[in-house]
Amino acid sequence: MDEEPITQAFHRYFDLSQPQFPDEVEPAFRLRYEVYCREFGFEREEDCPNGLESDGYDSRSWHCLMHHRSSGASAGCVRIVPTSATSGAMLPMEEHCRDSFWDVPERPDRLDRESICEVSRLAVHGLFRRRQGEHQTPLGDVRSLEIPPNHVRTFPILALSLFMSATAMATIHEKEHAFAMMEPALARILRRSGLPATQIGELQDYHGQRAAFHIHRDTAKQGIENSALLRDLYLHAYHRLSTVGQSPFAESDCLRAA
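The following paragraphs examine the structure supplied in this document. If you're wondering where the values come from, they're calculated on a predicted model, not measured in any experiment.

## Thoughts on the packing of aromatic side chains
Logical step 1: According to the stated counting rule, one finds 5 aromatic pairs in the structure shown.
Logical step 2: Ring centres of F14 and F128 lie 5.9 Å apart, and the angle between their planes is 70°; on these two criteria the pair is classed as edge-to-face. Taken together, the residues span a long stretch of sequence, with F14 in strand β1 (residues 14-17) and F128 in the loop between β4 (116-124) and β5 (136-137) at a distance of 114 residues. F128 shares its class with F14; the two are buried.
Logical step 3: For the pair Y36 and F42, a centre-to-centre distance of 6.0 Å together with 65° between the ring planes defines the contact as edge-to-face.
Logical step 4: On the accessibility criterion, Y36 (2% relative accessible area) is buried.

## A word on the pattern of salt bridges
Logical step 1: Throughout the structure, instances matching the rule amount to 17 salt bridges.
Logical step 2: With its nearest N and O atoms 3.6 Å apart, the salt bridge here joins R69 to D15. One end of the pair, R69, is in the loop between β2 (62-68) and β3 (74-82); the other, D15, is in strand β1, with 54 residues separating them in the sequence.
Logical step 3: Here D58 makes a salt bridge to R79, at a shortest N to O gap of 2.7 Å.

## Notes on the layout of surface pockets
Logical step 1: The space that makes up the largest pocket amounts to roughly 730 Å³.
Logical step 2: Along the walls of the largest pocket sit 33 residues, with L122, V124, A159, E183 and L186 positioned nearest its centre.
Logical step 3: At the level of elements, α2 (22-39), β4, α5 (158-172), β7 (177-182) and α6 (184-193) are the ones that each hand at least two residues to the lining of the largest pocket.
Logical step 4: The element best represented in the lining of the largest pocket is β4, accounting for 7 residues.
Logical step 5: Considered class by class, the residues forming the lining of the largest pocket number 24 nonpolar, 2 polar and 7 charged.

## Describing empty space enclosed by the protein
Logical step 1: All chains considered together, the criterion is met by 2 cavities of 30 Å³ or more.
Logical step 2: Here the largest cavity defines a volume of roughly 140 Å³.
Logical step 3: Taken together, 17 residues form the lining of the largest cavity, with T167, A170, A178, I215 and A220 sitting closest to its centre.
Logical step 4: Here the lining of the largest cavity takes 5 residues from α5, the largest share from any one element.
Logical step 5: When its residues are assigned to classes, the lining of the largest cavity shows 10 nonpolar, 4 polar and 3 charged.
Logical step 6: In this structure, the second largest cavity encloses a volume near 40 Å³.
Logical step 7: The element that contributes the greatest number of residues to the lining of the second largest cavity is β7, accounting for 4 residues.
Logical step 8: Of the residues assigned to the lining of the second largest cavity, the class counts are 9 nonpolar, 1 polar and no charged.

Calculation rules
Going along each chain's sequence as written, the residues are numbered from 1 onward. Predicted model: local features are reported for residues with pLDDT of at least 70 only, side-chain atom pairs are reported and counted for 80 or more only, and whole-chain, interface and lining totals are derived from all residues. The side-chain quantities take in all heavy atoms of the structure and omit both hydrogens and water. Here is the rule: rings of Phe, Tyr and Trp (six-membered ring for Trp) pair when centre to centre is within 6.5 Å. Planes less than 30 degrees apart are stacked, more than 60 are edge-to-face, and the remainder are tilted. The way it works is that DSSP assigns letters per residue, a run of H or I at least four long becomes a helix, a run of E at least two long becomes a strand, and they are numbered from the N terminus. For every residue, the accessible area (1.4 Å probe, protein chains only) is compared with the maximum for its type, and the residue is labelled buried under 20%, exposed over 50%, or partly exposed between those bounds. Salt bridge, as used here: a side-chain nitrogen of Lys or Arg that lies within 4 Å of a carboxyl oxygen of Asp or Glu. Only protein atoms enter the 1 Å grid, on which a cavity is a set of points fitting a 1.4 Å probe that cannot get out and a pocket is an open set with protein on both sides within 12 Å along at least 5 of 7 lines, lining residues being those with an atom within 4 Å of a point. Grid points are joined across faces, edges and corners, and a volume is the space filled by probe spheres set on the points. Throughout, the ten residues Ala, Val, Leu, Ile, Met, Phe, Trp, Tyr, Cys and Pro are labelled nonpolar, Asp, Glu, Lys and Arg are labelled charged, and all others, Gly among them, are labelled polar.

Shown next as structure tokens:
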């Protein structure tokens, strides 16, 4: 019998949700604490009371959380930070990394404030990034989750699925420009998968070595149209996260819901 397609298996093993209330976002904060504080040391544990990593952007962000169905573990999370012309609020990268931006038109501070957003705090739990057989991790024993070996083969697309979930949220909220402070490795993965992001700033130490990247809605649309993997992950995310009855990228036949 042929092996089940990777995306079909992924959707069976993992579930996607968009927290609507403050208490529903707490698992994302706890996951971020495990990844950003305990595993990588990007944030200080003493600055994160009760084992929750959060900041001032969370209250105005749209959050997405990925769950491992059989264990109930929080596997990954991501948020979209918007801004507006009236609020005067900046994106996280504008406040913390503005000096690294190159002199290019795609800078967030040179675009319509209503049209921009930032993909931020993307995190995948270490237990879902380990190679099969690496049982011991800084966060515990992967065997305690009783993750079957066939689930493990879907782990490499977790980060890509979260980025497609962020793309879906940006689409739902009609944002034209998305930005992210990304590690070059993630940018290469996106490019190889068919979603090229344009670097708009110098590499710097910001939660690891990262640089500012920009992607336009039309570029994302074209990449999703041309990649069966991206299209499947995007459409699944869109229909899980959207409360609107419209088709994603409605003008594009190949992205209409079947």
